[in-house]
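Working through the structure, step by step
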Amino acid sequence: MTVSDQPTSTSRKEHSQKAGKASSVKSAPLVKVPSVGGKLKNLNDIAALILYKRCKNIIIIAGAGISTASGIPDFRTPGTGLYDNLQQYNIPCPEAIFDIDYFTYNPKPFFSLVKELYPGNYQPNYIHYFVKMLHEKGLLLKMYTQNIDGLERKAGIPSEKLVEAHGTFSTASCHSCCKPFPAKIAQEAIMNDKIPRCKACSGIVKPDIVFFGEDLPKRFYRFSKDFVNADLVFIMGTSLEIEPFASIVDSARSYVPRLLLNRDLVGPFKRKPMRNTDVAELGDLIENIKRLVGILGWEEKMDELIRAHTHPVRIFNK
Ligand code: CNA
């Protein structure tokens, strides 16, 4: 029996009471609660799991697609992705720009590119704020991101909830002796077209973002402890092409619902048939997240959250 075949025995009033504060669901459409282990079909089913508090520990798995709406190109989208636009750097293959061996041989292409990508040039978008909203509602267990743009932190997602699996620009270190180097000074040098150098050994300093051929931060390898407690997993804006990150999608218990929000099917969502508890909503991420927010009845709260972040109240001392 599919979810939509089930009769609903829950009135809107009961639904609101079960879902917590009435105000948080007052404008939400009535959604039917899916049966345990039953087939999940669409965003309505996922929303119902959240509204009925069947799922309270959400893990987000994110990639470059969550930041394209902020103006940062991803890797692989044909035409606009970075991999189709690196001709000016004269590198042997697109991956070389983030390859640690190539960086050791010639760091210049990386430093030219990274000047454009540095945090500070871009702002979080609706998707980053949606994750912040999950946190504010006590629903965010962890966010695992491959992104290096720092927009999760900028949206106010606290660092203890964040696993920046491919590193961050917020710290830097020497590529030769590994000594930490002030990230601000590294950034200033890069912005002025200079290569930052280690004070101890004169080695090249690089922001602590993870290159192909480098290990991921220790924090990433604690993922199994998080996933064992997850009761819902969102996978957003990633091609799931890069290991070991890509494999964490299979780390939750097999009955835990997973929602893919992406332009195309990726990873385990390409298998046919999909798991009963997998849902794929293909298309533009912002449109789909807005749809989910609408079903959840969180539009007003989202607007407030975004307003509070983008226009913080200023207190003037006379
Ligand atoms: P990717 O391989 O480029 O995949 C991105 C995925 O997102 C693709 O499947 C796209 O179809 C999808 N996508 C893009 N925009 C949208 C949209 N608006 N709506 C729906 N889907 C969309 O990138 P991954 O993150 O999978 O690859 C991992 C790499 C990319 C990591 O090592 C990152 O460091 C690296 N990267 C990060 C950034 C960033 O920090 N913003 C930018 C570019 C690359």
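A quick note: this is a predicted structure, and the numbers were derived from the prediction, not measured. (Residues numbered from 1 in each chain as written. Predicted model: local features only at pLDDT ≥ 70, side-chain atom pairs only at ≥ 80, totals over all residues. Heavy atoms only, no water.)

What about the overall build of the protein?
Helices and strands together make up the secondary structure of the protein, namely eleven helices and nine strands. The buried share of the protein, taken over its 318 residues, is 50%. When contacts within the protein are restricted to residue pairs at least 6 apart in sequence, those whose partners lie at least 24 apart make up 66%. On the protein, roughly 16,000 Å² of surface is accessible, and the fraction owed to carbon and sulfur atoms is 51%. (Helix = DSSP H or I, 4+ residues; strand = E, 2+ residues; numbered from the N terminus. Buried < 20%, exposed > 50% of the residue type's maximum accessible area, 1.4 Å probe, protein only. Contact = heavy atoms within 4.5 Å. Areas by Shrake-Rupley, 256 points an atom, 1.4 Å probe, with all protein chains shown as cover.)

Looking at the packing of helix H3 (residues 43–51) against helix H10 (residues 285–296)
Helix-helix packing is described using two parameters, namely the angle between the two axes and the distance between the axes. Packing of H3 against H10 leaves a shortest axis separation of 9 Å and a crossing angle of 50 degrees. It follows that H3 is oblique to H10 by the angle criterion. Where H3 crosses over H10, the handedness of that crossing is right-handed. Across the interface between the two elements, Leu-43, Asn-44, Ala-47, Ile-50 and Leu-51 from H3 touch Asn-288, Arg-291, Leu-292, Ile-295 and Leu-296 from H10. Looking at the contact of H3 with H10, its residues break down into seven nonpolar, two polar and one charged. (Axes fitted to C-alpha atoms, helices over the stretch in contact; angles between N-to-C directions. Parallel < 35°, antiparallel > 145°, perpendicular 65-115°, else oblique. Left-handed = near helix turned anticlockwise from the far one by under 90°. Nonpolar A, V, L, I, M, F, W, Y, C, P; charged D, E, K, R; others polar.)

Some details on the sheet that holds strand E3 (residues 162–164)
Taken together, the six strands give an open sheet; going across it, the order is E3-E2-E1-E7-E8-E9, and neighbouring strands pair in parallel fashion. Edge strands, defined here as strands with exactly one partner in the open sheet, are E3 and strand E9 (278–282). Direction aside, neighbouring strands of the sheet carry axes that sit 15 degrees apart on average. Pairing between strand E2 (residues 140–145) and E3: three bridges, direction parallel. Across the sheet, the residue bridging to Tyr-144 is Val-163, located in E3. Sheet strands touched by H3: strand E1 (58–62), strand E7 (232–236), strand E8 (258–262) and E9. Its angle to E7, the strand with the most contacts, is close to 135 degrees. Lying over the sheet, helix H6 (residues 126–136) contacts E1, E2 and E7, oriented at roughly 150 degrees with respect to E2. (Pairing = 2+ DSSP bridges.)

A short note on the layout of surface pockets
Its volume calculated, the largest pocket comes out at about 880 Å³. Each residue belonging to the lining of the largest pocket can be placed in one class, and the counts come to 21 nonpolar, 14 polar and eight charged. When residues are assigned to domains, the lining of the largest pocket turns out to be shared by domain 1 (33–71 + 125–166 + 216–307) and domain 2 (73–121 + 169–209), each giving three or more. Of the volumes computed, that of the second largest pocket is approximately 470 Å³. Around the second largest pocket, the lining comprises 21 residues; the ones closest to its centre are Gly-167, Asp-208, Val-210, Asp-215 and Pro-217. (1 Å grid on protein atoms, 1.4 Å probe; cavity = no way out; pocket = protein on both sides within 12 Å on 5 of 7 lines; lining within 4 Å. Points joined across faces, edges and corners; volume = space filled by probe spheres on them. Domains from an automatic or database assignment.)

Concerning the nonpolar core
Formed by 44 residues in total, the largest nonpolar core has its most connected members in Ile-50, Ile-60, Phe-130, Phe-234, Met-236, Ile-289 and Trp-298. Elements represented by at least two residues in this core include exactly H3, E1, H6, E2, E7, E8, H10 and helix H11 (299–310). Once residues within four sequence positions are removed from consideration, Ile-289 is found in contact with Tyr-126, Ile-127, Phe-130, Met-236 and Leu-261. Counting 28 residues, the second largest nonpolar core, distinct from the first, contains Leu-82, Tyr-102, Tyr-122 and Ile-242. (Core = buried A, V, L, I, M, F, W, Y, C linked by side-chain atoms within 4.5 Å.)

A closer look at the UniProt feature "active site" (unreviewed entry) in the protein
Mapped onto the present numbering, the UniProt feature "active site" (unreviewed entry) falls on His-166. Within the secondary structure, His-166 sits in the loop between E3 and strand E4 (167–174). Setting aside anything within four residues of it in sequence, one finds His-166 in contact with Thr-145, Gln-146, Ile-148, Ile-209, Val-210, Leu-216, Ile-242 and Phe-245. (UniProt positions renumbered as here; feature names shortened; annotations may be inferred.)

Examining the environment of Pro-94
Within the element layout of this structure, Pro-94 appears in the loop between E1 and helix H4 (100–105). Overall, the relative accessible area of 28% leaves Pro-94 in the partly exposed class. For the pair Pro-94 and Asp-84, spaced ten residues apart in the sequence, the C-alpha separation amounts to 7.9 Å. Those residues in contact with Pro-94, other than ones at most four positions away along the chain, are Tyr-83 and Leu-86.

Considering the pattern of salt bridges
One pass over the structure, following the stated rule, counts eight salt bridges. A salt bridge links Glu-136 to Lys-132, with the nearest nitrogen and oxygen atoms 2.8 Å apart. Of the two residues, Glu-136 and Lys-132 are both situated in helix H6; the distance of four residues between them amounts to about one turn of the helix. Here Arg-291 ties to Glu-281 by a salt bridge, and the two come within 2.7 Å at their closest N and O atoms. Here Arg-291 is found in helix H10, whereas its partner Glu-281 is found in strand E9, with ten residues between them in sequence. Taking relative accessible area as the criterion, Arg-291 reaches 41% and is therefore assigned partly exposed. Salt bridges sharing common partners tie together Asp-250, Arg-258 and Asp-278. (Salt bridge = Lys/Arg side-chain N within 4 Å of Asp/Glu carboxyl O.)

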